[in-house]
Amino acid sequence: LAAFRRHTFLDRLHVHTGSQGCSSDLLVSSASTCVSLAREINESQGEGGGGGRVISIDIGGGVPLDYGRDDDHHSVESNPFQDYAVELQKSIPKLEEFQIITEFGRSITGKCSFAASRVEYTKYAADRRIVTQHLGADSLLRSCYL
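My aim in this report is to walk through the structure given alongside it, one point at a time. Quantities reported herein were computed from a predicted structural model and do not represent experimental measurements. (Residues numbered from 1 in each chain as written. Predicted model: local features only at pLDDT ≥ 70, side-chain atom pairs only at ≥ 80, totals over all residues. Heavy atoms only, no water.)

1. Quick look at the side chain of Ser30
Cut-off, in case you're wondering: Going along the chain from the N terminus, every DSSP run of H or I of four or more residues is numbered as a helix, and every run of E of two or more is numbered as a strand. In protein, a polar contact means a hydrogen-donor-capable atom and an acceptor-capable atom, both N or O and within 3.5 Å, with residues adjacent in sequence counting only if both atoms are side-chain atoms; elsewhere, any N or O pair within 3.5 Å suffices. By definition in these notes, contact holds between two residues if any of their heavy atoms fall within 4.5 Å.
Looking at the secondary structure, you find Ser30 in helix α2 (residues 24-45). At 2.4 Å, the side chain of Ser30 forms a polar contact with the side chain of Thr17. Filtering out sequence-adjacent residues up to four positions away, Ser30 remains in contact with Val15 and Thr17.

Here you go:
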């Protein structure tokens with residue numbers, strides 16, 4: 001509360017419960033706790049209180065990706081994003097008073113990614129073929145890809 005009083009530029013809270021293996025109950029509970037804190041901050045500022053006010057909340061984490069299924073797990077019968085939104089709205093009254101930001105990255109792109117590269121050179125080391133390629137320093141680092 002004190003940070004929002006001192007720093008008027010603060011206007012968002014962020015919580016990242018997890019993105020894989022977390023139940024929707026845990027994600028909704030985490031978001032609810034964050035919304036409660038946002039409301040407490042805003043109430044402590046009062047009308048025109050001069051401090052920062054929470055206008056948006058990043059609820060992070062998101063819908064887990066089921067790597068074991070071949071389909072994209074989005075259908076008319078089952079849409080995990082819609083299900084999550086409904087659970088949030090049912091569990092958190094007046095949620096719409098805040099701008100809600102989500103981080104569904106992996107569950108959206110995990111099964112539809114594409115990477116293009118070129119091989120710079122190859123070598124053998126300890127009977128293993130090693131490839132140096134231009135794909136990025138954060139991609140394909142594990143030895144199972146070598």
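2. A word on the sheet that holds strand β2 (residues 56-58)
Put simply, the rule reads: When DSSP finds at least two bridges between two strands, those strands are taken to pair. For helices, the axis comes from a line fit to the C-alpha atoms of the stretch in contact; other axes are also lines fit to C-alpha atoms, and the angle between any two N-to-C directions lies between 0 and 180 degrees.
Strands sit in the order β1-β2-β3 across an open sheet of 3 strands; the sheet is parallel. Looking at the sheet topology across the chains shown, the edges are occupied by β1 (12-14) and β3 (99-101). Along the sheet, successive strands turn relative to each other by an average axial angle of 15°, direction set aside. Pairing geometry for β1 and β2, over 3 bridges, is parallel.

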